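Chains, contacts and geometry: an overview
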Amino acid sequence: MTTGDAALTQLRRGALEHCVLALLQSGERYGYDLVTELSEAGLLASEGTLYPLLSRLRRDELVSTSWQESPSGPPRRYYALTDAGRASLDTFRHAWTQFAGSVDQLLQKGTP
Amino acid sequence: MTTHTDLHPLAQDYVARLYDAARTLPPDQAVELVSDISDHLREAIPAGTDEAGVRTVLDRLGTPQELVTAAGGGAAAPAAVAPAAADGLGAVEVIALVCLLGSEFLFFLFPFSVPFWIAGVVLLLVSRVWSAGQKVLGAAGLATGFLVGMSALFVSPPPESSICVSGGECTVTQSTWPDSVFLAIRVALVAYLLFQAWTLWRLTRRR
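Residue positions are given per chain, counted from 1 along the sequence in the order it is written. Chain letters start at A and ligand numbers start at 1, both assigned in the order the entries are written. With the structure being a predicted model, the display of local features is reserved for residues of pLDDT at least 70 and the display and counting of side-chain atom pairs for 80 or more, all residues being used for whole-chain, interface and lining totals.

Per the convention used, a helix needs a DSSP run of H or I reaching at least four residues, while a strand needs a run of E reaching at least two, with both numbered from the N terminus. Regarding its fold elements, chain B presents 9 helices and 2 strands. Helices and strands in chain B line up, N terminus first, as α-α-α-α-α-α-α-α-β-β-α. It is the C-beta atoms, placed from the backbone, that decide contacts: two residues are in contact if theirs lie within 7 Å. Within chain B, residue pairs in contact and separated by at least 24 positions form 61% of the contacts whose partners lie at least 6 positions apart.

Below you can see the structure in the form of structure tokens.
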């Protein structure tokens, strides 16, 4: 693994939790649906690791869960953003914007 | 949550391995993880998916151990192997062997051999490296050494005896056992020493 790959892994790990919260802003989603979207966005190295993360978000009360019937197959566990989750997302969005701006500036400085 | 017997056999096998790896998690988290992954597999593998498709889904999930690690669990120790066995012998085991062998070879020096033998037996039993089977072997093969040495002090040949025949002539028999008994004792002693060497090898070799 190059240092660039390692940095990307660390960034992905740090940002993933808030990307999940961001996906839930527009409404509740079920686990497989979240996995598919995050995987397509290149944010999940191992799809299964999202479930322990969802479980932790629920224990931290950043998301709430409910079971709903599925049009095809068994009931699905849906995840929804809580007020605490929304506040955490707002804080992260602010911090991320500053962080990304600072990194961008430094990267630009280095180019000839 | 539903049972996972409706899953593809490969997916069932994956869930079984996950269930096994999740033993290091708190029970409620383990149940939740297995349930979530079973539901995911049910969504991701519709009926009629070929084996290549199933394998692709499983590869993308990550290994069961990766998921358990992501959930905060450690690697499960295989049940049959003592946890520290791979690291070789620790101080407790080395001292136990030195005490047991020392008490055997210097059994006649009681102030030395008796406390060493007791210490050796205790350390043998409390070791966290040796398995229960190895402890039984150590007790049979090494802890008996001191006792075998002691027995040499108390077992002696039959006393001298004299046989007198009619006519007043007496023959004094030597204070010894017949050759056959001596041979049997020597064979038993060699066999016992070989057993001790084998025991020592079993207790000290790395797995």
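And the narrative resumes.
If you look at the interface, chain B gives 18 residues, while chain A gives 12 residues. For the side of chain B that touches chain A, the secondary-structure elements that each account for two or more residues are α2 (27–44), α3 (51–61) and α4 (64–70) of chain B. If one sorts the elements of the side of chain B that touches chain A by residue count, α2 of chain B sits on top with 10 residues. Here the residues of the side of chain B that touches chain A are counted per class, giving 7 nonpolar, 4 polar and 7 charged. Amino acid classes used here: Ala, Val, Leu, Ile, Met, Phe, Trp, Tyr, Cys and Pro are nonpolar; Asp, Glu, Lys and Arg are charged; the rest, including Gly, are polar.

Here we come to the nonpolar core. Note on definitions: a nonpolar core is a set of buried residues drawn from Ala, Val, Leu, Ile, Met, Phe, Trp, Tyr and Cys, linked by C-beta atoms within 7 Å. Exposure criterion: with C-beta atoms placed from backbone coordinates, a residue whose C-beta has 20 or more other C-beta atoms within 10 Å is buried, one with 12 or fewer is exposed, and one in between is partly exposed. Judged by nonpolar contacts, the single largest core of 34 residues is most densely connected at L18, A22, L33, I37 and L67 of chain B. Counting only elements with at least two residues in this core, the list comes to α1 (3–23), α2 (31–40), α3 (50–59) and β3 (76–81) of chain A together with α1 (9–21), α2, α3 and α4 of chain B. With 5 residues, α2 of chain B is the largest single contributor of residues to this core. The contacts of A22 of chain B, once residues within four sequence positions are left out, are A30, L33, V34, V68 and G73 of chain B.

Peptide bonds are mostly trans, and most non-glycine residues show a negative phi. A positive phi is found at E61 of chain A, a non-glycine position, where the angle reads about 60°. Of note, E61 of chain A is situated in the loop between α3 and β2 (63–68).

For the rest of this paragraph, the subject is the packing of α2 of chain A against α3 of chain A. Residues and elements named next belong to chain A. Here, axes are lines fitted to C-alpha atoms. For helices the fit covers the stretch in contact, and angles between N-to-C directions go from 0 to 180 degrees. Put simply, α2 and α3 touch, their axes get as near as 11 Å, and they point 120° apart. With respect to their mutual orientation, α2 and α3 come out oblique. Along this stretch, α2 crosses α3, giving a crossing that reads as right-handed. Across the interface between the two elements, G31, L34, V35 and L38 of α2 pack against L50, Y51 and L54 of α3. Taken together, the residues that form the contact of α2 with α3 break down as 6 nonpolar, 1 polar and no charged. Roughly parallel here means an angle under 35 degrees, roughly antiparallel means over 145, roughly perpendicular means 65 to 115, and every remaining angle is called oblique. By definition, turning the near helix anticlockwise from the far helix through less than a right angle yields a left-handed crossing, and turning it clockwise yields a right-handed one.

Position of A44 of chain B among the secondary structure elements: in helix α2. Each C-alpha atom of the pair A44 of chain B and V54 of chain B lies 8.5 Å from the other, and the pair is 10 residues apart in sequence. When sequence neighbours within four positions are dropped, the list of residues in contact with A44 of chain B reads Y32 of chain A together with V57 of chain B.

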